[in-house]
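Geometric and topological summary
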Amino acid sequence: MLKLSPAPRVARRTRRIADRAVDPVKQLVRWGLGHGIPRAVIGRAARQGDLQGRLITAAAENGRTDRLVPLFDELRGRGILAPGKFSYMTAHHAAVKEVLSSNDFTTGLPTSAGSMSRLGRWAATDVFNPVQPPSLLVTEPPDHTRYRKLVTRVFSVRAVERLRGRAEEIATDLLDAIDPSSPVDLVEAYCSQLPVILISEILGVPDERRQRILELGNQAGASLDLGVGWRQFRTIERALVEFDEWLTGHLEHLRRQPVDDPDHQSLLSQLLRAQEDGVGLTERELKATAGLVLAAGFETTVNLLGNGIVLLSEHPDQLRHLRDGSATWGNAVEEVLRFDPPVLLTGRISLRDTAIGGQQVRGGHPLTTILAAANRDPAVFEEPERFDVMRENAREHVSFSAGRHYCLGAQLARMEGEVGLRSIFERFPDLRIEPGAMRRETRILRGWDRLPARLTSGT
């Protein structure tokens with residue numbers, strides 16, 4: 001195996017980055033601004049009866065998305081846009097799509113001015129974070145357009161289909177390695193392994209680093225959530241620093257020893273050479289892109305697989321539709337995404353005075369789109385509380401967002417979900433979930449943390 005130690009110059013630089021990242025005062029400020037204060041305000045708002053606070057708090061406490069439905073209905077009953085403690089909210093499918101597709105709304109914070117913003121800039125680090133620029137999640141045109149054009153080539157429908165055979169091989173190998181006679185945690189042994197192996201191959205992660213990258217992805221992915229505790233925040237930042245250090249050395253290695261064969265180039269190798277209108281990506285932009293592909297892509301697929309396994313286990317009638325061919329696995333994935341999406345909500349800021357569904361929104365005002373609630377809008381989905389793998393319009397869900405920030409890895413997640421769910425239920429048709437399954441405690445990210453199961457009957 002190649003040793004991918006960074007050059008001394010790069011090593012010194014990454015040590016400086018790590019030193020800045022763990023400055024205790026600045027780290028406390030970052031946590032307070034990004035999580036501590038919002039966490040306290042949300043909790044207080046929930047206790048005072050605010051619907052937005054109640055929804056976000058219940059998302060962590062209740063775990064399962066179907067238990068949030070009464071709050072979704074209450075929100076929808078308050079009109080197209082409902083005022084909350086922190087922002088307007090909408091649970092209406094049409095309004096969610098309008099907001100996410102509109103040029104009148106942007107990602108990011110409500111303002112870049114004021115003492116809080118100045119304090120945030122003072123405490124910031126150079127270490128990649130998926131919710132800070134230049135991450136695709138929080139950049140806007142023209143930079144967003146340039147980044148996305150360079151990366152989209154790797155995640156096109158055609159490119160993803162070329163990966164299907166490899167995904168099937170990985171699923172088979174993982175299932176071969178499981179002892180069906182003993183209980184197994186499917187999140188640990190299967191749901192997390194399939195996407196991380198495939199995304200590691202896409203990024204060109206060496207075999208010996210994959211397990212550590214899985215651990216880092218699992219830890220860093222929580223940075224996409226809201227209101228994490230102080231201890232978890234420190235774990236997230238340590239993971240981001242370690243990933244940044246590895247990625248710095250890996251990029252340096254790729255520059256020293258480029259892969260010239262296009263058929264064997266990793267995503268990073270391609271991005272190092274790709275240009276749009278003669279302009280390529282800076283090192284910071286490269287890291288942001290690679291980190292987002294790892295964190296966001298990993299999170300989405302792990303949750304999709306776990307949610308799908310549970311839903312199909314709990315609805316044997318729906319599983320029969322898949323086995324007798326009256327429903328397709330591709331459509332089942334869409335219904336899983338609709339019914340129990342990997343992400344609860346996303347937010348936007350109005351750039352100017354505008355209107356959504358005929359209701360006025362002032363410029364500079366935040367608006368929260370509740371994706372999971374829009375997926376259960378009875379104006380779009382007939383009997384939305386019914387899990388139905390034969391639902392004809394299941395694909396109309398908004399679980400991958402919409403507009404220019406539509407999930408870059410949506411096609412990859414769909415393919416992995418289809419391969420992963422079909423493979424495990426074809427191999428183990430008697431699979432059943434055992435007591436002890438535990439949902440993640442995160443508010444925004446929706447999935448299972450532990451999923452004990454027995455794979456064969458009579459054991």
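Residues numbered from 1 in each chain as written. Predicted model: local features only at pLDDT ≥ 70, side-chain atom pairs only at ≥ 80, totals over all residues. Heavy atoms only, no water.

1. Let's talk about the overall build of the chain
Looking only at helices and strands, one finds 18 helices and twelve strands in the chain. Relative to its full complement of 459 residues, the chain shows a buried share of 55%. Within the chain, counting contacts between residues at least 6 apart in sequence, those at least 24 apart form 75% of the total. With the model as given, the accessible surface of the chain reaches about 19,800 Å², and the carbon-plus-sulfur share is 52%. (Helix = DSSP H or I, 4+ residues; strand = E, 2+ residues; numbered from the N terminus. Buried < 20%, exposed > 50% of the residue type's maximum accessible area, 1.4 Å probe, protein only. Contact = heavy atoms within 4.5 Å. Areas by Shrake-Rupley, 256 points an atom, 1.4 Å probe, with all protein chains shown as cover.)

2. What about the packing of aromatic side chains?
Tallied over the entire structure, the rule returns six aromatic pairs. Relative to Phe233, the ring of Trp230 lies with its centre 6.3 Å away and its plane at 20°, an arrangement referred to as stacked. Of the two residues, Trp230 and Phe233 both sit in helix α12 (residues 230-256), three residues apart, roughly one turn of that helix. We classify Phe233 as buried; its relative accessible area is 7%. Plain terms: the ring middles of Phe243 and Trp246 are 6.0 Å apart, the flat faces sit at 40° to each other, and that makes the pair tilted. Placement of both Phe243 and Trp246 in helix α12 is noted, with a separation of three residues, approximately one turn of the helix. Of the two residues examined, Phe243 and Trp246, each falls in the buried class. (Phe/Tyr/Trp six-rings, centres within 6.5 Å; stacked < 30°, edge-to-face > 60°.)

3. Quick look at the sheet that holds strand β9 (residues 432-433)
Here we have three strands laid out as an open sheet, ordered β4-β12-β9, and antiparallel in their pairing. On the outer flanks of this sheet lie β4 (184-185) and β9, each paired with one strand and no other. Pairing of β4 with strand β12 (residues 452-454) involves two bridges; the strand directions are antiparallel. From the neighbouring strand, Asp185 faces β12, where its bridge partner is Pro452. (Pairing = 2+ DSSP bridges.)

4. Quick look at the packing of helix α16 (residues 329-339) against helix α18 (residues 410-427)
Running from N to C, α16 and α18 point in directions that differ by 110°, and their axes come no closer than 9 Å. Put simply, α16 runs roughly perpendicular to α18. Where α16 crosses over α18, the handedness of that crossing is right-handed. Only Arg414, Gly417, Glu418, Leu421, Arg422, Phe425 and Glu426 of α18 make contact with α16, whose side of the interface consists of Trp329, Gly330, Val333 and Glu334. Residues of the contact of α16 with α18, tallied by class, amount to four nonpolar, two polar and five charged. (Axes fitted to C-alpha atoms, helices over the stretch in contact; angles between N-to-C directions. Parallel < 35°, antiparallel > 145°, perpendicular 65-115°, else oblique. Left-handed = near helix turned anticlockwise from the far one by under 90°. Nonpolar A, V, L, I, M, F, W, Y, C, P; charged D, E, K, R; others polar.)

5. Brief notes about helix α10 (residues 193-203)
Along an α-helix, residues three or four positions apart point the same way, because every turn accommodates 3.6 residues. Along α10, ten of the eleven residues are buried, which leaves the element largely enclosed by surrounding structure. Of all the positions in α10, only Gln193, Leu194, Pro195, Val196, Ile197, Leu198, Ile199, Ser200, Ile202 and Leu203 are classed as buried. Once α10 ends, the next one or two residues include Gly204, with phi positive near 80°.

6. A word on the environment of Val160
Examined against the element boundaries, Val160 turns out to sit in helix α8 (residues 157-176). A residue is classified by how much of its surface remains accessible, and Val160, at 2% relative accessible area, is buried. Separated by 255 residues in the primary sequence, Val160 and Met415 place their C-alpha atoms 7.5 Å from one another.

7. Things to note about the confidence of the model for the chain
Per-residue pLDDT for the chain averages 87, and the proportion of residues at 70 or more is 90%. Predicted confidence is poor over residues 1-11, with pLDDT under 50, and the contacts of this stretch with residues over four places away or in other chains come to 17 contacts. (pLDDT = per-residue confidence, 0-100.)

8. Considering the nonpolar core
If you look at the biggest cluster of nonpolar residues, it comprises 90 residues, and the most contacted ones within it are Leu186, Ile309 and Ile424. Among the elements that make up this core, the one with the highest residue count is helix α14 (residues 283-314) (14 residues). Setting aside residues no more than four positions away along its own chain, Leu186 makes contact with Cys191, Ile309, Ile424, Leu431, Leu451, Ala453 and Leu455. With 18 residues, the next largest nonpolar core counts Leu51, Ala58, Leu345 and Ala373 among its residues. (Core = buried A, V, L, I, M, F, W, Y, C linked by side-chain atoms within 4.5 Å.)

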